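Letter by letter, the chains look like this.
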Amino acid sequence: MASQQIFSFVVSDPVGLHARPISQIVKLAQSCDFRLGLRRPGAAAVSADSALRLLSMKVASGEPLELVIETDDDSAARAIALEFGELLARPS
Amino acid sequence: MATEKALVQADGVVFNHPAATREAAVLACGEVLVKLGAVDRGYVEAMWQREQKYSSAIGLGFAVPHGTDESRKFVRFDQLAFVRFVNPIQWLEETVEACVAIASRANGHVELLANLASLLLNEDHLNQLKTTLDRQEVLLLLNDGGR
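Keep in mind that what you see is a predicted model, and the values were worked out from it rather than measured. (Residues numbered from 1 in each chain as written. Chains lettered and ligands numbered in written order. Predicted model: local features only at pLDDT ≥ 70, side-chain atom pairs only at ≥ 80, totals over all residues. Heavy atoms only, no water.)

1. Side note on the interface of chain A and chain B
Point 1. In this assembly, 15 residues from chain A lie in contact with 19 residues from chain B.
Point 2. Regarding the contact of chain A and chain B, the summed buried area is about 1500 Å², with carbon and sulfur atoms giving 65% of it.
Point 3. When residues of chain A are sorted by the area they lose upon contact with chain B, Leu52, Leu55 and Lys58 of chain A head the list and together hold 39% of the total.
Point 4. Linking chain A to chain B there are zero salt bridges.
Point 5. The tally of links from chain A across to chain B stands at one residue pair in polar contact (both at pLDDT 80 or more).
Point 6. Counting residues per element, the ones that place at least two in the side of chain A that touches chain B are α1 (19–31) and α2 (51–56) of chain A.
Point 7. For the side of chain A that touches chain B, the element with the highest residue contribution is α2 of chain A, accounting for five residues. (Contact = heavy atoms within 4.5 Å. Buried area = accessible area lost by both parts, 1.4 Å probe. Salt bridge = Lys/Arg side-chain N within 4 Å of Asp/Glu carboxyl O. Polar contact = N/O pair within 3.5 Å; in protein donor to acceptor, adjacent residues only side chain to side chain. Helix = DSSP H or I, 4+ residues; strand = E, 2+ residues; numbered from the N terminus.)

See the structure below:
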């Protein structure tokens, strides 16, 4: 089983995690070879390829989030995390 | 003083719309919002522009067309419209059976979307929205989250 790599983010988009970044996150999750999960620190992760599950998290601006990537490939995981961070930070 | 309107009204619920393409579906949603007086016509065009940039499909057969930040000036009051189609519509990689169109002046739509998502993740509510022919049922679900 692949190990879990965890990256921490803060949602800086003033609107929080809304429809546009969510649709991009879903695309990223669907196009990537590993399972991506998203969670509030300490909470259970939600599959990042489901827009509905991400939406229902109701993540507000300024909230910390953790991206969980299931892979042993460190550099691939870092590249995905970098891309993910851009999706979170880009203003609407 | 503006009257407080319900987020979804009976006239904002449409079953059996004949739209067969993504564009026709989004424009149909916009028309419903225009008829309700919730948005000016400029919003409809913005909904389609936004749709072309990022698909508003959210899974489980639903899409949530809405405008852009710039088009908020066309919104007169916050409102949802529920439009279900005769046949499922090919929506890029997804298939959409119904739309919940959103007109929102502020960031209220984030909370709206979150509530809608929770609603759709409940299998009973999802099936109700996909099959009911009772407007009141849709109003109850969308206005009160099925509570």
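2. Things to note about the pairing of strand β2 (residues 35–39) of chain A
All names here are of chain A.
Point 1. Counting buried positions along β2 gives four out of five residues, so the element sits mostly inside the fold.
Point 2. Where β2 lies against strand β4 (residues 64–70), five bridges are found, and the strand directions are antiparallel. Note on β4: the bridge partner recorded for arginine 39 is glutamate 66.
Point 3. Where β2 meets strand β3 (residues 46–47), two bridges bridge the pair, whose relative direction is antiparallel. (Buried < 20%, exposed > 50% of the residue type's maximum accessible area, 1.4 Å probe, protein only. Pairing = 2+ DSSP bridges.)

3. Quick look at the packing of helix α4 (residues 123–131) of chain B against helix α5 (residues 135–144) of chain B
All names here are of chain B.
Point 1. It is at 10 Å that the axes of α4 and α5 come closest, and there the two elements cross at 140 degrees. What the angle tells us is that α4 and α5 run oblique. Crossing of α4 over α5 shows left-handed handedness. Here α4 contributes His125, Gln128 and Leu129 to the contact with α5, which in turn contributes Glu137, Val138 and Leu141.
Point 2. Of the residues assigned to the contact of α4 with α5, the class counts are three nonpolar, two polar and one charged. (Axes fitted to C-alpha atoms, helices over the stretch in contact; angles between N-to-C directions. Parallel < 35°, antiparallel > 145°, perpendicular 65-115°, else oblique. Left-handed = near helix turned anticlockwise from the far one by under 90°. Nonpolar A, V, L, I, M, F, W, Y, C, P; charged D, E, K, R; others polar.)

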